[in-house]
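Examination of the molecular architecture
Letter by letter, the chains look like this.
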Amino acid sequence: MSRVTRVAIPLVAAAALSGATAVTATASATAVPCPPRIVADWARAWNGTDPRALGALFTARGVYTDLGVGVTFRGREEISGWKARADRLIDGIHVTVRATHRDGGRITIGAVYAGHLKGAPEAFAVPMTTLLDLDGHGRIASDQDHYSLAEVLTQSGLPADWTPPAS
């Protein structure tokens, strides 16, 4: 049995026990979970330029909560509006999924949230955890994003009391 096979078998077994949907092993014997399709769609929507793409992933009465800034939006239109505002405020907004875990209708996403606040001297890249609750049809009923606004501001070179311009 090759070294890759000896390492990959326990990783596959561990992933199966943890509820991961799939695991692929590379020649370096690292395991990369294959996220559910909704996670890939969610990341693509955040990384894209069409705000409606994010809203379309939610149920009609879906709820999005950004705990970093303490705001909640309800329904596809408000959620799309939040993405549009984020795009106006942050250049190169980008989410990189690092890990996922699914337990029934709840998906936990470990990610890096990055971008450059307009007018800030530096870009930021902070860890983020997102909890997605899905309905029975695979749409997002609830999204809770957890990250440190203080860390975003520190990395951006902005004061702790900075607030975005009204728009």
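Before any of the text, the structure's been laid out above.
Now for a description of the structure that goes with this document. (Residues numbered from 1 in each chain as written. Predicted model: local features only at pLDDT ≥ 70, side-chain atom pairs only at ≥ 80, totals over all residues. Heavy atoms only, no water.)

Another aspect to go through is the overall build of the protein chain. Along its length, the protein chain carries five helices and eight strands. For the protein chain, the α and β elements follow one another from N to C terminus as α-β-β-α-α-β-β-α-β-β-β-β-α. For the protein chain, restricting intrachain contacts to residue pairs at least 6 apart in sequence, the fraction spanning at least 24 positions comes to 47%. Only carbon and sulfur atoms are counted for the fraction: they give 58% of the accessible area of the protein chain, which is about 9,100 Å². (Helix = DSSP H or I, 4+ residues; strand = E, 2+ residues; numbered from the N terminus. Contact = heavy atoms within 4.5 Å. Areas by Shrake-Rupley, 256 points an atom, 1.4 Å probe, with all protein chains shown as cover.)

The strands that make up a sheet pair up through hydrogen bonds in the backbone, lying either parallel or antiparallel. Spatially, the six strands line up as an open sheet ordered E4-E3-E8-E7-E6-E5, and their pairing is mixed. Two strands lie at the open edges of the sheet, namely strand E4 (71-74) and strand E5 (90-103), each paired on one side alone. Across the sheet, the mean angle from the axis of one strand to that of its neighbour is 20 degrees, orientation sign disregarded. Of the pairings in the sheet, the one linking strand E6 (residues 106-117) to strand E7 (residues 124-134) comprises ten bridges and is antiparallel in character. Residue pairing in the sheet places arginine 106 in a bridge with aspartate 133 of E7. The strands touched by helix H4 (residues 75-89) within the sheet are strand E3 (58-66), E4, E5 and E6, with E3 carrying the most contacts at an inclination of about 40 degrees. The strands touched by helix H5 (residues 149-156) within the sheet are E6 and E7, with E7 carrying the most contacts at an inclination of about 155 degrees. (Pairing = 2+ DSSP bridges. Axes fitted to C-alpha atoms, helices over the stretch in contact; angles between N-to-C directions.)

Our focus in this paragraph is the packing of aromatic side chains. Geometry of an aromatic ring pair is reported as the spacing of the ring centres plus the angle between the planes. All told, the structure shown has four aromatic pairs when counted by the stated rule. Relative to tyrosine 64, the ring of tryptophan 46 has its centre 6.2 Å away and its plane inclined at 45 degrees; by these criteria the two rings are tilted. Of this pair, tryptophan 46 sits in helix H2 (residues 37-47) while tyrosine 64 sits in strand E3; the two residues are 18 residues apart in sequence, bridging distant segments of the chain. Accessibility expressed as a relative area gives 4% for tryptophan 46, which makes it buried. Their ring planes at 25 degrees and their centres at 4.9 Å tell us that phenylalanine 73 and tryptophan 82 sit as a pair that is stacked. Taken together, the ring pairs in this structure connect Tyr113, Phe124 and Tyr147 into an aromatic cluster. (Phe/Tyr/Trp six-rings, centres within 6.5 Å; stacked < 30°, edge-to-face > 60°. Buried < 20%, exposed > 50% of the residue type's maximum accessible area, 1.4 Å probe, protein only.)

Glancing now at the pairing of E4. Taken together, the four bridges between E3 and E4 define a ladder with antiparallel strand orientation. Within the sheet, the bridge partner assigned to aspartate 66 lies in E4 and is valine 71. What sits between the antiparallel neighbours E3 and E4 is a turn of four residues, in which glycine 70 has the positive phi angle 75 degrees.

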